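Read off the chains here:
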Amino acid sequence: MYKNLAATLVAACFFLPAVQAQSPSKTQEPIKAGFVYVSPITEAGWTKQHDEGRKAVERALGAQVKTTFVADVPEGADAERVIRDLAQQGHQIIFTPSFGYMEPTLKVAKEFPNVKFESVTGFKTAPNVAASNARYYEGRYLAGIAAGRMTQSNVAGYVAGFPIPEVLQGINAFTLGMRSVNPQATVKVVWLNAWFDPPKEREAAMALFNQDVDVIAFHTGSTAVMAAAQERGKMAVAYHSDMRKVGPDAQIIAVTHQWGDYYTARVKAAQNGTWVSGNVWGGVKDGMIRVGEFGSKVPKKIQDEILNQQKAVGSGKLLPFTGPISDNEGKLVVPAGQSLSDAQILNMNYLVQGVLGRVNR
């Protein structure tokens, strides 16, 4: 979750850091790992998914790790204070999963050169600060296929947080996936300028449902949009987590991100001295992005189609941003037969054809 993305990402080099580890000795003191969350831990959503990653570390390492988390920490000065407190308390590795935590993390890292920091969704690194993110857009494309197959009105909605590249990637991939199986489909976007504001999320969803939208996606931090879809008898794509408890009839598919393996590997590396800084941008291939958790309304034929397409994405045979692609003002942005580079995807600043909306700045 983050608010701005500088053009410096063009030069960013993403790679998987060395994390292979020797098993720690039984007499070694447990490593202390800290986590800072931008919102409360709810039953599903962004923060919930990262806390599941923390729990996965505990399951994997048992008595060899002690984890601590602080939730509902605003970006800015409060985040800096909390991150510093965790470092002062002796945490050897600290995870900060929100883009607005990037600068506070870098500032505190300078004061604690022996502590390892993981800036999740950040892009700036330092000798003791690594950056990581997931290719959410891969899951969005697959969810778009589901939406394109399931819609009756051919109109989808999208409740979006901030007009940053990650969100634009998601909207565009969703639209391209939808139109790959339903060329007449369109996507209406509402911008919230907030990541976690359940009342505003609900209001935006209800407004879209009043505009012929029968399936909705969202890039926000709560379950409010899914709950609204359930209430109105509409369909929705869950994001971050499986939300069938909230929308048992509404959910058609979930796009989830999986942090357990990455977090565990990084804690192990910090524990045995093999941790190195770097940038990771993992997707379906790396097990960091997954679609599934289909709702009961989705026919098995459609489920099988999407799962097969997910395999194609994982193998690299299907690249969501492959031309011809035009923006929604008619300009060709990806010629036929070409695919966007990572740098181009990371700096996306337009909406594709089929999206009814503008990039609010």
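Small disclaimer: the values here were computed from a predicted structure and weren't measured. (Residues numbered from 1 in each chain as written. Predicted model: local features only at pLDDT ≥ 70, side-chain atom pairs only at ≥ 80, totals over all residues. Heavy atoms only, no water.)

> I keep staring at the overall build of the chain and nothing clicks. Help me out?
Tallying secondary structure elements over the chain gives ten helices and 15 strands in all. Taken against the 2.2 N^0.38 rule, which gives 21 Å for 361 residues, the C-alpha radius of gyration of the chain at 20 Å falls within 12% of a compact globule. Dimensions of the chain along its principal axes, counting C-alpha atoms only, are 60 × 40 × 40 Å. Here the chain, with 361 residues, has 57% of them falling under the buried criterion. Intrachain contacts of the chain at a sequence separation of at least 6 include 68% that bridge at least 24 residues. Here the chain displays about 14700 Å² of accessible surface, and carbon together with sulfur accounts for 49% of that area. When the 37 basic and 31 acidic side-chain charges of the chain are each reduced to a single mean position, those positions are 3 Å apart. (Helix = DSSP H or I, 4+ residues; strand = E, 2+ residues; numbered from the N terminus. Rg over C-alpha atoms; globule rule 2.2 N^0.38 Å. Buried < 20%, exposed > 50% of the residue type's maximum accessible area, 1.4 Å probe, protein only. Contact = heavy atoms within 4.5 Å. Areas by Shrake-Rupley, 256 points an atom, 1.4 Å probe, with all protein chains shown as cover. Lys, Arg positive; Asp, Glu negative; His and termini not counted. Charge placed at Lys NZ, Arg CZ, Asp CG, Glu CD.)

> Teacher, can you tell me more about the sheet that holds strand 4 (residues 116-120) here?
Strand pairs in the sheet, formed through backbone hydrogen bonds, run parallel or antiparallel to each other. Pairing within the open sheet is parallel, and its six strands lie in the order 2-1-3-4-5-11. Edge positions in the sheet fall to strand 2 (65-70) and strand 11 (279-282), since each has one partner strand and no second. Taken over all neighbouring pairs, the strand axes of this sheet differ in orientation by 20° on average, direction set aside. Alignment of strand 1 (residues 31-36) against strand 2, held across six bridges, turns out to be parallel. Residue pairing across strands places V36 opposite V70, the latter belonging to strand 2. The sheet contacts of helix 1 (residues 46-61) involve strand 1, strand 2 and strand 4, and relative to strand 2 the element is tilted by about 165°. In the packing of helix 2 (residues 77-88) onto the sheet, contacts are made with strand 1, strand 2, strand 3 (93-96) and strand 4, and the angle to strand 1 comes to roughly 175°. (Pairing = 2+ DSSP bridges. Axes fitted to C-alpha atoms, helices over the stretch in contact; angles between N-to-C directions.)

> Help me out: how do you make sense of the nonpolar core in this one?
Generally speaking, soluble globular proteins have nonpolar side chains that are buried together. F174 and I216 are the most contacted members of the largest nonpolar core, which has 121 residues in total. With residues up to four places along the chain from it excluded, the contact list for I216 reads G157, Y158, V159, A205, L208, F209, V225, A229, M235, A236 and V237. (Core = buried A, V, L, I, M, F, W, Y, C linked by side-chain atoms within 4.5 Å.)

> Any chance you could explain the packing of helix 2 against helix 3 (residues 102-111) here in plain terms?
Relative orientation and spacing of two packed helices are given, respectively, by the angle between their axes and the distance between those axes. Direction vectors running N to C along helix 2 and helix 3 enclose 35°, while the axes themselves pass 9 Å from each other. Taken as a pair, helix 2 and helix 3 cross one another with a handedness that is right-handed. Side by side, helix 2 and helix 3 meet where A79, E80, I83, R84 and A87 of the first sit next to P104, T105, K107, V108 and E111 of the second. Here the residues of the contact of helix 2 with helix 3 sort into five nonpolar, one polar and four charged. (Left-handed = near helix turned anticlockwise from the far one by under 90°. Nonpolar A, V, L, I, M, F, W, Y, C, P; charged D, E, K, R; others polar.)

> Explain the pattern of salt bridges to me, please; I cannot follow it from the model alone.
It is possible for side chains bearing opposite charge to pair when their charged atoms get close. Under the counting rule described, the total for this entry stands at 16 salt bridges. Residues R54 and E58 are paired through a salt bridge, measuring 3.2 Å at the closest nitrogen-oxygen approach. Taken together, the residues R54 and E58, both in helix 1 and four residues apart, mark about one turn of the helix. Within the structure, one salt-bridge network assembled from shared partners comprises E80, R84, K107 and E111. (Salt bridge = Lys/Arg side-chain N within 4 Å of Asp/Glu carboxyl O.)

> Teacher, can you tell me more about the packing of aromatic side chains here?
Aromatic ring pairs are reported here in terms of the distance separating the ring centres and the angle at which the planes meet. Applying the stated criterion to the full structure yields 15 aromatic pairs. A centroid spacing of 5.6 Å and a plane angle of 55° characterise the contact between F35 and Y263, whose relative ring orientation is tilted. Taken together, the residues span a long stretch of sequence, with F35 in strand 1 and Y263 in helix 8 (residues 260-272) at a distance of 228 residues. A relative accessible area of 0% places F35 in the buried class. Residue classification places Y263 among the buried residues on the basis of a relative accessible area of 0%. Aromatic pair Y262 and Y263: ring centres 6.2 Å apart, planes at 55°, arrangement tilted. In this pair, the class of Y262 matches that of Y263, namely buried. Three or more aromatic residues joined by ring pairs form one cluster here, namely F35, Y37, F69, F95, W259, Y262 and Y263. Across from the ring centre of W281, 4.0 Å away, lies the NZ or CZ of R135, which sits over that ring. Over the ring of Y239 we find R140; its NZ or CZ atom is 3.6 Å from the centre of that ring. (Phe/Tyr/Trp six-rings, centres within 6.5 Å; stacked < 30°, edge-to-face > 60°. Lys NZ or Arg CZ within 6 Å of the ring centre and 35° of its normal.)

> What exactly am I supposed to notice about helix 1 here?
Every α-helix carries 3.6 residues per turn, so stepping three or four residues along brings you back to the same face. Compared with an ideal rise of 1.5 Å per residue, which puts 16 residues at 22 Å, helix 1 spans 23 Å between its outermost C-alpha atoms and is within 8% of the ideal. The positive-phi residue at the C-terminal boundary of helix 1 is G62, with phi of around 55°. (Expected span 1.5 Å × (residues − 1).)

> Help me understand the side chain of K188, please; the structure alone is not making it clear to me.
Structurally, the position occupied by K188 is in strand 7 (residues 186-191). Here K188 occupies a buried position and makes no salt bridge, while the nearest side chain of opposite charge, D212, is found at 5.1 Å. For K188, the residues in contact, after removing those within four places along its chain, are V155, A156, G157, Y158, L208, Q211, V213 and L356.

> What should I look at first to understand the layout of surface pockets in this one?
By volume, the largest pocket amounts to about 590 Å³. Along its surface, the largest pocket is lined by 31 residues, and Q49, H257, Q258, W259 and G260 are the ones closest to its centre. Among the elements that take part in the lining of the largest pocket, helix 1 stands out by supplying six residues, more than any other. Here the residues of the lining of the largest pocket are counted per class, giving twelve nonpolar, eight polar and eleven charged. In this model, the second largest pocket occupies a volume close to 230 Å³. Lining the second largest pocket we find 20 residues, and of these R135, Y137, E138, V313 and L319 sit closest to its centre. Elements supplying a minimum of two residues to the lining of the second largest pocket: helix 4 (136-150), strand 11, helix 9 (300-315) and helix 10 (342-346). With three residues, helix 9 is the largest single contributor of residues to the lining of the second largest pocket. Grouping the constituent residues of the lining of the second largest pocket by class yields nine nonpolar, six polar and five charged. (1 Å grid on protein atoms, 1.4 Å probe; cavity = no way out; pocket = protein on both sides within 12 Å on 5 of 7 lines; lining within 4 Å. Points joined across faces, edges and corners; volume = space filled by probe spheres on them.)

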